[in-house]
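# Close look at the chain arrangement
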Amino acid sequence: HKAKVEAMTLDLALLRSVQHFAEAFKAKNVSLHVLVCNAAAFALPWSLTKDGLETTFQVNHLGHFCLVQLLQDVLCRSAPARVVVVSSESHRFTDINDSSGKLDLSRLSPTKNEYWAMLAYNRSKLCNILFSNELHRRLSPRGVTCNALHPGNMMYSSIHRTWWPYTLLFTLARPFTKSMVSEPLPSLQLPPWCPHRKVVSGDFFDPPPSSFLFSDFILISSDFWPLCSVAIGRQHKEQRPDL
């Protein structure tokens, strides 16, 4: 049968918009089997959203976090369902702990004096993976799988449009990137949202094979969730499922 495609407005830089989107989607009373969290901003000058948070952090991570929270009941009712979080290899080049080793929201949503665009992007991509990891632990018992991935570097994107040096760098590097036709990456050959893939959850797909181990971040992930909940003004009182 013919597929029906419908576009709905969603602004991740405004949590009220995320809430309105979730309410509008729920009102349709349809199933939700695949949710891909892919939107991202890169190399932005420092700015705060109307919610008072640094823009890169909110758009790349917190908006998705809020969206999945609001649609969690729909995902569980639609099981089997899956969430795919698009991260990046950039997550390897940062951390989100303070000098004492504790999670620090001010590092995720820094002041103007402490802001560096590339570091903000890297941290948001680490947030994506920590979020995916904890979501897997919470929802996999309810039939919802969750994986993160690095999308690869051969696809054209305008993510670098905000600053001309990055545009120049991307342009110069493009001839040396892999071709989707001649040498497709494994994550594109059989992506995590593909129904024919063997059911896997709690993984990070990264060609070449990733050395990333979610087990290294289990404690960080469990602490990271309430930190994000506080950031969006929500207090989650439910207990995390046992490992």
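To start, this report covers the structure provided alongside it. Since this is a predicted model, take the numbers as computed values, not measurements.

This next bit is on the pairing of strand E3 (residues 144-149). The buried fraction of E3 amounts to 6 of the 6 residues, a majority that puts the element mostly inside the structure. Here E3 shows a buried face lined by Val144, Cys146 and Ala148 and a second buried face lined by Thr145, Asn147 and Leu149. In terms of strand pairing, strand E2 (residues 81-86) meets E3 through 6 bridges, oriented parallel. From the neighbouring strand, Val84 faces E3, where its bridge partner is Asn147.

The next subject is the packing of aromatic side chains. Across all of its chains, the model carries 4 aromatic pairs by this definition. Ring centres 5.0 Å apart and planes at 65° place the aromatic pair Phe65 and Trp225 in the edge-to-face group. One end of the pair, Phe65, is in helix H2 (residues 55-77); the other, Trp225, is in helix H7 (residues 218-231), and 160 residues separate them in sequence. Overall, the relative accessible area of 1% leaves Phe65 in the buried class. Trp225 sits in the buried class, given a relative accessible area of 2%. Taken together, the aromatic side chains of Phe65, Phe131 and Trp225 make up a single cluster linked through ring pairs.

Calculation rules
- Residues numbered from 1 in each chain as written.
- Predicted model: local features only at pLDDT ≥ 70, side-chain atom pairs only at ≥ 80, totals over all residues.
- Heavy atoms only, no water.
- Buried < 20%, exposed > 50% of the residue type's maximum accessible area, 1.4 Å probe, protein only.
- Helix = DSSP H or I, 4+ residues; strand = E, 2+ residues; numbered from the N terminus.
- Pairing = 2+ DSSP bridges.
- Phe/Tyr/Trp six-rings, centres within 6.5 Å; stacked < 30°, edge-to-face > 60°.

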